[in-house]
Amino acid sequence: MRPQDDPQTVVRPTRARRGSRRRFVRATAVGAAIILVTGGIWAIASGGDGAPPEASGSAPPKGKAGPATFLSLSVTGGALPYLAVVGGGPEAGAIPIPADLTIVAPGQGETPVTDIARLPGPSIQVALSNEVGVWNENWLVMNLDGFARMVDRSGGLTVDLPEPVVSSAGVLGPGSIRLKGIQASALMRAKGADPAARWDLMVSALLADPPKLQPSDVVGSSALPSVQATLDAAKGAQILPMPVEDVGASVVVSQQPALDELMTSTWGTTAPTPAIVQNANGAPGVGEAVARAVVPAGFRVALSQNAQSFDQPTTEVIANGDEHVAAARRARQALGIGRVQASQVPSGIGDITIVVGKDFTA
């Protein structure tokens, strides 16, 4: 059996809102990507780089966020999968991730957030970074027991509940209430009265005066001092609703370019370069490993799939049009391997295509 790696797709970030976009991309992505890597490509010089010379004054890397730092946050065990991206710096903000959202998770394909929340912390980090288009340097996974301990140690969390919530700790609200740890965890377990809105309130309360984390609070994390620094830098963060759109009877995705514009207006980021990733070496998990290398360099994996064969010895980074050669060189530098080529065939999905050969060992 061929190992599967990201069989599905998401549209290019600059594509206008289109109700049928996902069905269209599914129908055309494989054929388009095959054309990209089999025809209309500049020949490669032996052992070198066969792309046309890079023009002077090329565009700077995209997807960078200046002095801001970002954290992928997951709290498990509640009524919903509770995920958020927290950004700290000169501007502090947090984007709670809607529980009904479907995102492109490199290495996983198109994946509901309910399944993203079940992944290991580093995989959540890659998936949420790819979604918002900016690398989340830190990640933190907590369960509700650890969350409750943190709340108690910080003296409680104050939330303003618009309506009463029946929970295992009694009826909470309405109005302003100072939650103890057991009440906070009970509130997040309660299924009635819009759990998603309560998660927004909890994130806001948590970041109003970020508590000090202890190792016993967490299920897993990146370096805890770095996580704490990002939380501290996000003190007083505003809650930023993620722009979403329906693309089917039950499929909700982030709306683009609105999400990238939200990131830009809040943190000064630039929209990431969309990339296609093809697994041509046969190893599982290539999509996530490549994303971990290129997302910090200002890319978003828009489509990740298997190539026609798994026998390619050398990774190729293909500019889908001469105007994207600088981006292809930047991706090759981030990967540390491969040869840059340029295709005459444009793509409506990605500015570059990374065909991952057997020289890629993550």
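Refer to the structure above for everything that follows.
Residues numbered from 1 in each chain as written. Predicted model: local features only at pLDDT ≥ 70, side-chain atom pairs only at ≥ 80, totals over all residues. Heavy atoms only, no water.

Observations concerning the pairing of strand β15 (residues 273-279)
- Across the 7 residues that make up β15, a large majority, 7, are buried.
- Residues T273, A275, V277 and N279 point to one face of β15 and P274, I276 and Q278 to the other, with burial holding for every one of them.
- In this sheet, strand β16 (residues 299-306) lies alongside β15 in parallel orientation, the contact comprising 7 bridges. Pairing of A275 across the sheet is with V301, part of β16.
- Crossover β15 to β16 through helix α9 (residues 286-294) is right-handed.
- When β15 meets strand β19 (residues 352-356), the two strands line up parallel, connected through 5 bridges. Note that in β19 the partner of Q278 across the bridge is V355. (Buried < 20%, exposed > 50% of the residue type's maximum accessible area, 1.4 Å probe, protein only. Helix = DSSP H or I, 4+ residues; strand = E, 2+ residues; numbered from the N terminus. Pairing = 2+ DSSP bridges. Right-handed = clockwise from strand over helix to strand, strands pointing away.)

A word on the sheet that holds strand β18 (residues 339-343)
- With mixed pairing, the 5 strands of this open sheet are ordered in space as β16-β15-β19-β17-β18. Either end of the sheet is taken by a strand with one partner, and the two such strands are β16 and β18. Recorded for the sheet is a direction-independent mean angle of 25° between the axes of neighbouring strands.
- Along the sheet face, α9 touches β15, β16 and β19 and points at about 125° away from the line of β19. (Axes fitted to C-alpha atoms, helices over the stretch in contact; angles between N-to-C directions. Contact = heavy atoms within 4.5 Å.)

Some points on helix α5 (residues 181-189)
- Taken across its 9 residues, α5 has 7 buried, putting it largely inside the fold.
- Turning to α5, its buried residues number three or more, namely G181, Q183, A184, S185, A186, L187 and M188.

With respect to the pattern of salt bridges
- In this structure the tally under the stated criterion is 6 salt bridges.
- D115 serves as the salt-bridge partner of R118, at 2.5 Å between the closest nitrogen and oxygen.
- On the accessibility criterion, R118 (64% relative accessible area) is exposed.
- Among the residues examined, D115 registers a relative accessible area of 32% and is labelled partly exposed.
- Ionic pairing is found between K212 and D232, a salt bridge with its closest N-O pair at 3.2 Å. (Salt bridge = Lys/Arg side-chain N within 4 Å of Asp/Glu carboxyl O.)

As for the packing of aromatic side chains
- Within this structure, the stated rule accounts for 2 aromatic pairs.
- Note on Y82 and W199: the rings are 4.9 Å apart at their centroids and 35° apart in plane angle, and the pair reads as tilted. On the criterion of sequence distance, the pair formed by Y82 in strand β2 (residues 82-88) and W199 in helix α6 (residues 195-208) is long-range, its members being 117 residues apart.
- Residue classification places Y82 among the buried residues on the basis of a relative accessible area of 2%.
- By relative accessible area, which is 5% here, W199 ends up buried. (Phe/Tyr/Trp six-rings, centres within 6.5 Å; stacked < 30°, edge-to-face > 60°.)

Re unusual backbone geometry
- At the junction of G173 and P174, the peptide bond is cis and its omega measures out at 5° in the coordinates.
- Along the chain, P174 falls in the loop between β9 (170-172) and β10 (175-179).
- Look at the link from Q256 to P257: it is a cis peptide, with omega at 10°.
- Relative to the helices and strands, P257 resides in the loop between β14 (252-254) and α8 (258-267).

Remarks on the environment of A205
- Looking at the element boundaries, A205 is found in helix α6.
- A relative accessible area of 10% means that A205 is categorised as buried.
- A205 sits 46 residues away from V159 along the chain, and the two C-alpha atoms are 6.3 Å apart.
- Those residues in contact with A205 that sit more than four places away from it in its chain are L157, T158 and V159.

Focus on the environment of L172
- Structurally, L172 can be placed in strand β9.
- For L172 and L161, which are 11 residues apart along the polypeptide, the C-alpha to C-alpha distance reads 7.9 Å.
- Once you skip the residues sitting within four places of it in the chain, L172 turns out to touch L161, E163, P164, V165, S167, I177, L179, Q183 and L187.

Thoughts on the packing of α5 against α6
- Put simply, α5 and α6 touch, their axes get as near as 9 Å, and they point 150° apart. Relative to α6, the element α5 is oriented roughly antiparallel. For the pair formed by α5 and α6, the contact residues are A184, L187 and M188 on the first element and R198, W199 and M202 on the second.
- In the contact of α5 with α6, the residues fall into 5 nonpolar, no polar and 1 charged. (Parallel < 35°, antiparallel > 145°, perpendicular 65-115°, else oblique. Nonpolar A, V, L, I, M, F, W, Y, C, P; charged D, E, K, R; others polar.)

Considering the environment of A328
- Relative to the assigned elements, A328 resides in helix α10 (residues 325-335).
- Linking A328 and T273, residues 55 residues apart in sequence, is a C-alpha distance of 9.9 Å.
- Not counting chain neighbours up to four residues away, the residues in contact with A328 comprise V317, I318, A319, V340 and I352.

Describing the packing of α9 against α10
- Across the interface, α9 lies against α10 with an axial gap of 8 Å and an inter-helix angle of 105°. Classed by the angle they form, the pair α9 and α10 counts as roughly perpendicular. The segment α9 lies against α10, with V290, A293 and V294 engaging A331, A334 and L335.

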